[in-house]
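So the chains spell out like this:
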Amino acid sequence: MDRTIKNNTLYFDGCNTVELAKKYGTPLYVMSETAIVEKCKEIRDTFLNKYEKTRAAYASKAFLTLSMCKIIEREGLCMDVVSGGELYTAMKADFPAEKIEFNGNNKSIEELQLAIDYNIGRIIVDGLDELDLIEEICKEKGKKVNILYRVTPGVKSDSHDYIVTGKKDSKFGIPLDDEVIFPAIEHAIKSPYANFMGFHFHVGSQLHDNESHLKALDIVLKLIKDTKEKYDYATPELNIGGGFGIKYTEADHKKPYAYFLDPMMEKIEQFSKDIGIERPEIVIEPGRSIVGEAGITLYTIGTIKDIKGIRKYVSVDGGMTDNIRPALYQAKYEGIVANKAEEPKTETVTICGKCCESGDVLIRDAQVADVKRGDIFAVFSTGAYSYTMASNYNKNPLLATVLVKEGKSEIIVKRQSYEHMIENEIIPDSLK
Ligand SMILES: Cc1ncc(COP(=O)(O)O)c(C=O)c1O
Ligand SMILES: N[C@@H](CCCC[NH3+])C(=O)O
């Protein structure tokens, strides 16, 4: 367990969190290298090493820094990027190009050019005209790229509406209507500029049930069969996305990777035998499940407002700018007063941020020890989609990030300064 309690204090991956807050300041993201490595090991042990012809591409949108690229490379995973910026970060960390896969529903020409110039491993084509753009670029550059089609299998998944992606009414993926998908497949098979590797689907995020993965798989396996029958073309790869849920609160019953992947692999093996094709290489794209529980955020408690008989608001020095998820998805978190970790939780309070928004609430009705100004509050499971979704709202600077491992800490992202925040701003002559 990366979180332990000693001498009334919360420790994370062997580091005293109160000391971390003192040394690096708050608010502060703290990422446990041990926890990230353990998740990568689970993926290797229960998927990559268990089944041959498999890859895992870390969905870097969950948490991406240069150091994270180094960890992912060292742990033997590939990388999924969804923008020129994510691709650039991977390139700057010398992440091997052939291990990069590029997703996204509206890649720009410049982003596609960057990807093709860097000779990345796969482009996941997400819309009908994207292959035309890729072909134009490849023609000009005399290149050929590996592509997959992201399809929308039309299944619903049990998560917040903003993070489900596999239903038909979605901006992501190519719909599976015959008159749409088959001409697209024919185009890809015949393209002189693309190696058509197969299909990709991703049903949604933060899932604790394998039902939608399995339903989507059935639909896409049928597409593989149709492609084989219609064009005598066996697609060599299948990307089944990510979406594996984590534990934010006691209410989340998270499952191991094997719970999702074993039944899917069994289905795919059987299907391949049945239709007489070599089993395609299977790719997964986990993001949140690798980093989510590996991160905590440390805050200093400031103003406390007790509205008798109504609610006690405990304000921290960060909020929706460093974690938008409660405001955006009504996401639930748990936390603890890090310097009073063994004290009885006698109070019910609402932990809120410092932004000028009533919705800037991190945890509603948290059970906490008797809190005072200056205490350190730790919010758990903030490793995914906090840092990467942060903003400068109210001109709050972006946080520093510290990587911890077995009692040692190293800064991997410096705190943004006020000066850094305005460095791209210009006062035109007309206003001087
Ligand atoms: C295409 C694709 N792959 C992978 C992911 C990663 O999902 P998660 O972080 O839930 O594993 C997402 C995000 O939901 C996605 O859209
Ligand atoms: N940003 C989302 C997940 C990403 C969905 C991407 N398709 C979250 O914080 O839960």
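Residues numbered from 1 in each chain as written. Chains lettered and ligands numbered in written order. Predicted model: local features only at pLDDT ≥ 70, side-chain atom pairs only at ≥ 80, totals over all residues. Heavy atoms only, no water.

A. Here's a closer look at the overall build of the protein chain. Helices and strands together make up the secondary structure of the protein chain, namely twelve helices and 21 strands. Computed over its C-alpha atoms, the radius of gyration of the protein chain comes to 23 Å, within 12% of the 22 Å expected for a compact globule of 432 residues. Taking the principal axes of the C-alpha coordinates as reference, the protein chain spans close to 70 × 60 × 40 Å. Looking at the 432 residues of the protein chain, the share that counts as buried comes to 55%. With an accessible surface of roughly 19300 Å², the protein chain has 50% of that area assigned to carbon and sulfur atoms. (Helix = DSSP H or I, 4+ residues; strand = E, 2+ residues; numbered from the N terminus. Rg over C-alpha atoms; globule rule 2.2 N^0.38 Å. Buried < 20%, exposed > 50% of the residue type's maximum accessible area, 1.4 Å probe, protein only. Areas by Shrake-Rupley, 256 points an atom, 1.4 Å probe, with all protein chains shown as cover.)

B. Region of interest: a negative patch on the surface. Taken together, the side chains of D129, D132, E136 and E140 present a region of like negative charge at the surface. Mapped onto the fold, D132 is located in helix α6 (residues 130-141). Given a relative accessible area of 36%, D132 falls into the partly exposed group. (Patch = residues over 30% accessible without salt bridge, like charges linked within 9 Å, V, L, I, M, F, W, Y side chains within 5 Å. Salt bridge = Lys/Arg side-chain N within 4 Å of Asp/Glu carboxyl O. Lys, Arg positive; Asp, Glu negative; His and termini not counted. Charge placed at Lys NZ, Arg CZ, Asp CG, Glu CD.)

C. Structural view of the site of ligand 1. H202, S205, E285, R288 and Y385 are the nearest of the 15 residues found near ligand 1. The side chain of K61 places a nitrogen or oxygen atom 3.3 Å from an oxygen atom of ligand 1. The contact in question runs from an oxygen atom of ligand 1 to an N or O atom on the side chain of Y385, over 2.6 Å. A breakdown of the residues in the shell around ligand 1 according to their chemical character gives three nonpolar, seven polar and five charged. (Near = heavy atom within 4 Å. Polar contact = N/O pair within 3.5 Å; in protein donor to acceptor, adjacent residues only side chain to side chain. Nonpolar A, V, L, I, M, F, W, Y, C, P; charged D, E, K, R; others polar.)

D. Region of interest: the pairing of strand β21 (residues 408-413). Strand direction decides the pairing type here: strand β20 (residues 400-405) and β21, joined by five bridges, are antiparallel. Paired with V404 across the strands is S409, a residue of β21. Linking β20 back to β21 in an antiparallel pair, the connection comprises two residues, with E406 at a positive phi of about 45°. (Pairing = 2+ DSSP bridges.)

E. Inspection of the UniProt feature "modified residue: N6-(pyridoxal phosphate)lysine" (unreviewed entry) in the protein chain at higher detail. Mapped onto this numbering, the UniProt entry annotates "modified residue: N6-(pyridoxal phosphate)lysine" (unreviewed entry) at K61. The residues contacting K61, other than those within four sequence positions of it, are D80, V82, E86, Y385 and T388. (UniProt positions renumbered as here; feature names shortened; annotations may be inferred. Contact = heavy atoms within 4.5 Å.)

F. Layout of the environment of V220. On the secondary structure map, V220 appears in helix α8 (residues 211-231). Judged by its relative accessible area of 0%, V220 falls in the buried class. Aside from chain neighbours lying at most four places away, what touches V220 is V151, P153, F199, F201 and L238.

G. Representation of unusual backbone geometry in the model. Following T26, the chain continues into P27 via a peptide bond in cis, with omega recorded as -5°. Assignment of secondary structure puts P27 in the loop between α1 (17-24) and β4 (28-32). The backbone of K53 shows a phi angle near 55°, a positive value even though the residue is not glycine. The phi torsion at D365 lies on the positive side, around 50°, for a residue other than glycine. Relative to the helices and strands, D365 is located in strand β18 (residues 361-368). The class for D365 is partly exposed, based on a relative accessible area of 45%.

H. Structural view of the packing of aromatic side chains. In the structure shown here, the tally under the stated rule is ten aromatic pairs. For the pair Y29 and Y387, a centre-to-centre distance of 6.0 Å together with 85° between the ring planes defines the contact as edge-to-face. One end of the pair, Y29, is in strand β4; the other, Y387, is in the loop between β19 (376-379) and β20, and 358 residues separate them in sequence. The buried category is assigned to Y29, whose relative accessible area is 4%. (Phe/Tyr/Trp six-rings, centres within 6.5 Å; stacked < 30°, edge-to-face > 60°.)

I. Summary view of the pattern of salt bridges. Using the criterion set out here, one finds 32 salt bridges in the structure. A salt bridge links D262 to K50, with the nearest nitrogen and oxygen atoms 3.3 Å apart. With D262 in helix α9 (residues 257-275) and K50 in the loop between α2 (33-48) and β5 (54-59), this residue pair connects regions lying 212 residues apart in the sequence. Residue D262 is classed as partly exposed on the basis of its relative accessible area of 22%.

J. Focus on α8. With 21 residues, α8 ought to run about 30 Å at 1.5 Å a step, and its terminal C-alpha atoms sit 30 Å apart, in line with that. All of the buried residues in α8 are S212, H213, L214, A216, L217, V220, L221, L223, I224, D226 and T227. The inward-facing, buried residues of α8 abut β9 (145-152), α7 (178-190), β11 (194-200), β12 (237-239) and α9. D232 occupies a position one or two residues after α8 and carries a positive phi of about 50°. (Expected span 1.5 Å × (residues − 1).)

K. Broad picture of the packing of α2 against α9. At a minimum axis separation of 11 Å, α2 and α9 run at an interaxial angle of 25°. Considering the angle they form, α2 stands roughly parallel to α9. You can see that α2 and α9 cross each other, and the crossing is right-handed. Contacts from K39, E42, I43, T46 and F47 in α2 reach Y257, A258, L261, D262 and M265 in α9. Classifying every residue of the contact of α2 with α9 gives six nonpolar, one polar and three charged. (Axes fitted to C-alpha atoms, helices over the stretch in contact; angles between N-to-C directions. Parallel < 35°, antiparallel > 145°, perpendicular 65-115°, else oblique. Left-handed = near helix turned anticlockwise from the far one by under 90°.)

L. Molecular detail of the UniProt feature "active site" (unreviewed entry) in the protein chain. Following the UniProt record, one finds the feature "active site" (unreviewed entry) at C356. For C356, the position within the fold is in the loop between β17 (347-352) and β18. The class of C356 is exposed, set by a relative accessible area of 65%. Once residues within four sequence positions are removed from consideration, C356 is found in contact with Y393 and N394.

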